[in-house]
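# Fold and geometry: a report
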Amino acid sequence: MSMSSHITPETEFDDDLKSAIKAELDEVLDPCSCASNHPISILDLGLVEGIETRDGGRHVEVTLLLTSQLCTYFIDMNDEIIERVEALDPVEEVIVHQDTSGQIWTKERMSEDERKTRRERFLQRMDDAGVTPYAERTS
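These lines cover the structure that appears in this document, whether it is placed above or below. (Residues numbered from 1 in each chain as written. Predicted model: local features only at pLDDT ≥ 70, side-chain atom pairs only at ≥ 80, totals over all residues. Heavy atoms only, no water.)

## Structural notes on unusual backbone geometry
The linkage connecting Asp89 with the following residue, Pro90, adopts the cis geometry, with an omega of 10°. Mapped onto the secondary structure, Pro90 falls in the loop between helix H4 (74-86) and strand E3 (93-98). Of note, Asp55 is a non-glycine position whose phi angle comes to about 55°, a positive value. Within the secondary structure, Asp55 is located in the loop between strand E1 (48-54) and strand E2 (59-64). Using a relative accessible area of 44% as the deciding quantity, one classes Asp55 as partly exposed. (Helix = DSSP H or I, 4+ residues; strand = E, 2+ residues; numbered from the N terminus. Buried < 20%, exposed > 50% of the residue type's maximum accessible area, 1.4 Å probe, protein only.)

## Considering the environment of Ile42
Inspection of the secondary structure assignment puts Ile42 in helix H3 (residues 42-45). Note: C-alpha distance between Ile42 and Met110 (68 residues apart in sequence) is 9.2 Å. What Ile42 contacts, discounting residues up to four positions off in sequence, is Leu25, Val28, Leu29, Asp30, Leu47, Val48, Leu64, Met77 and Ile81. (Contact = heavy atoms within 4.5 Å.)

## A word on helix H1 (residues 16-25)
Taken residue by residue, H1 has Leu17, Lys18, Ile21, Lys22 and Leu25 as its buried positions. For H1, the buried positions fall inside an angular range of 140° around the axis, keeping them on one side. Those residues of H1 that are buried are in contact with H3, E1, E2 and H4. One side-chain oxygen at the N-terminal end of H1 lies 2.8 Å from the backbone nitrogen of Leu17; it belongs to Asp15. (Arc of directions from axis to C-beta. Polar contact = N/O pair within 3.5 Å; in protein donor to acceptor, adjacent residues only side chain to side chain.)

## Thoughts on the pairing of E2
Examined bridge by bridge, E1 and E2 share six bridges and lie antiparallel to one another. The residue bridging Val48 from the neighbouring strand is Leu64, located in E2. Taking the residues that link successive antiparallel strands as the turn, the E1-E2 hairpin has four residues, and the phi of Asp55 there is positive, at about 55°. Relative to E3, E2 runs parallel, the two sharing six bridges. In the sheet register, Thr63 faces E3, and the bridge partner there is His97. (Pairing = 2+ DSSP bridges.)

## Here we look at H4
Over its 13 residues, H4 extends 18 Å from the first C-alpha to the last, a length consistent with the 18 Å expected when each residue adds 1.5 Å. Listing the buried residues of H4 in full gives Phe74, Met77, Asn78, Ile81 and Val85. Across the axial projection of H4, the buried residues extend over an arc of 100°, all falling on one side. Facing away from the buried side of H4, by more than 90 degrees, are the exposed residues Ile75 and Glu83. (Expected span 1.5 Å × (residues − 1).)

## Some details on the sheet that holds E1
The three strands are arranged E1-E2-E3 in an open sheet whose pairing can be described as mixed. Because the sheet does not close on itself, it has two edges, and the strands there are E1 and E3. Strand-to-strand twist in this sheet, taken as the mean axis angle between neighbours without regard to direction, amounts to 15°. Sheet contacts for H1: E1 and E2; angle to E1, the most-contacted strand, approximately 140°. Taken strand by strand, H4 contacts E2 and E3, and its axis lies near 150° from that of E3. (Axes fitted to C-alpha atoms, helices over the stretch in contact; angles between N-to-C directions.)

Written out as structure tokens, the structure reads:
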């Protein structure tokens, strides 16, 4: 999949099961964002590369493109995804893959709302610290 084809909060499926899987993935929070006290779902963060179903939905594969191939929280996300998606009918098996195609996660994969929230939070922190953004100092 190309970077532009990852699954976003706006992605719509004609398949009810894929829509339900997407809704469950939207409940999975990125562990690093939780550690920074700004929880964001793996869907809003742009980590969900693909959802595939086989055998009438009994077998599901979810592919994630992580912010770092060295992510130590992959197992935690994997376990939560499996738990949530296997609870859906008729799912019997869920496999979570890490995309190792060489693609690199960038902030452009984040949902527009999350990018805006992140920018506002950054500007507020700068203001609280009394720091003037460089562009404003040079204009």
